[in-house]
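Examination of the molecular architecture
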Amino acid sequence: MSKTALITGATSGFGAAAVRRFAAAGWKVIATGRRAERLQPLVEEFGADKIHAVAFDIRDAAAMEAALAALPPAFRDIDLLVNNAGLAQGTAAAQHASLEDWRTMIDTNITALVTLTHHLLPKLVERRGAIINISSTAALYPYPGGNAYGGTKAFVSQFSLGLRSDLHGTGVRVTAIEPGMAETEFTLVRTHGNQAASDQLYGGASPMTAEDIAEQIFWVASLPPHLNVNRIELMPVSQSFAGFQVFRG
Ligand code: NDP
Ligand code: 8X3
């Protein structure tokens, strides 16, 4: 019998690629995101028996609850939660950053993620399922302008380890995937729509692709049930570290 995954942020980037990867392998997928017009083609591509699309703002707790309560019976036995929906907003230094941007990141990357996880934990325990959280290299390596975004992803990585601890003995597996630079709509969103900035960042850099990350998500989910990958940190070969900065006043 096929398994069921709930994948958030399925309208773009990693999430859309993951929906395709899991559906192509025979999984049933609940695909979520705000842009309904991006979800519908996934249903048309794989069929309504394979993909259940549900559009809502993940920060809207009532809409999330309603979406879960309205799941068709064939999609209720969720085996895997992929907490992928998320974003960065802005690259300004903390002292110049927008508080609204910070709150958007915290509401999306942290509050919505823990809310959805809390709703699904009883089902995941019942089914000895799995949780894959999309964190970032920004969780571990600070960089100028990464302030609140890196903070949210540090939460995601640490929350993942904490979940593992609490879920000890339940059979539920938890993994944090911590990617570096991958070309998606991430930078377009971060810069509030600056396509030139996005093209400049990724141009000539051979960044990772959405499909690269989807493959990692699928690999983790396909491992035998006695194996838990705690975290995966990955980058394109073109990306590495640049050391500490020293200010001399
Ligand atoms: P994209 O911008 O391409 O995709 C982000 C997805 O998140 C979209 O489907 C978007 O859907 C969804 N999302 C954002 N806000 C909301 C919201 N309020 N409600 C519902 N869905 C929302 O970026 P990526 O695919 O790159 O990002 C996916 C995850 O990977 C994020 O958590 C990001 O932080 C992380 N990441 C990305 C890296 C990169 O270099 N690209 C590297 C490391 C981590 P919609 O707008 O339709 O609602
Ligand atoms: C996205 C990677 O380096 O832009 O999480 O923060 S980075």
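This report concerns the structure included in the present document. (Residues numbered from 1 in each chain as written. Chains lettered and ligands numbered in written order. Predicted model: local features only at pLDDT ≥ 70, side-chain atom pairs only at ≥ 80, totals over all residues. Heavy atoms only, no water.)

Thoughts on the packing of helix 1 (residues 13-24) against helix 8 (residues 210-222)
Relative placement of two packed helices is described by the angle separating their axes and the distance separating the axes. It is at 8 Å that the axes of helix 1 and helix 8 come closest, and there the two elements cross at 50 degrees. Here helix 8 runs oblique to helix 1, going by the angle between their axes. The chirality of how helix 1 crosses helix 8 is right-handed. Counted together, Gly13, Phe14, Ala17, Ala18, Arg21 and Phe22 of helix 1 and Ala210, Glu211, Ile213, Ala214, Glu215, Ile217, Phe218 and Ala221 of helix 8 form the full contact between these two elements. (Axes fitted to C-alpha atoms, helices over the stretch in contact; angles between N-to-C directions. Helix = DSSP H or I, 4+ residues; strand = E, 2+ residues; numbered from the N terminus. Parallel < 35°, antiparallel > 145°, perpendicular 65-115°, else oblique. Left-handed = near helix turned anticlockwise from the far one by under 90°. Contact = heavy atoms within 4.5 Å.)

A short note on the site of ligand 2
Around ligand 2, the structure places Ser136, Ala138, Tyr143, Tyr149, Phe186 and Arg190. Between serine 136 and ligand 2, the recorded distance is 2.6 Å, taken from a side-chain N or O atom to an oxygen atom. Between ligand 2 and the protein, one listed contact pairs an oxygen atom with a side-chain N or O atom of tyrosine 149 at 2.6 Å. Expressed as a share of its isolated accessible area of 240 Å², the protein-covered part of ligand 2 is 79%. A per-class count over the shell around ligand 2 returns four nonpolar, one polar and one charged. (Near = heavy atom within 4 Å. Polar contact = N/O pair within 3.5 Å; in protein donor to acceptor, adjacent residues only side chain to side chain. Areas by Shrake-Rupley, 256 points an atom, 1.4 Å probe, with all protein chains shown as cover. Nonpolar A, V, L, I, M, F, W, Y, C, P; charged D, E, K, R; others polar.)

Considering the nonpolar core
If you look at the biggest cluster of nonpolar residues, it comprises 35 residues, and the most contacted ones within it are Phe22, Leu80 and Ile217. Looking at this core, the elements with two or more residues in it are strand 1 (4-7), helix 1, strand 2 (28-33), helix 2 (36-46), strand 4 (80-83), strand 5 (130-134), helix 8 and strand 9 (231-234). Residue contributions to this core peak at seven residues, all from helix 8. Counting residues in each nonpolar core, the second largest holds 22 residues, with Ile58, Leu81, Leu116 and Leu163 among its members. (Core = buried A, V, L, I, M, F, W, Y, C linked by side-chain atoms within 4.5 Å. Buried < 20%, exposed > 50% of the residue type's maximum accessible area, 1.4 Å probe, protein only.)

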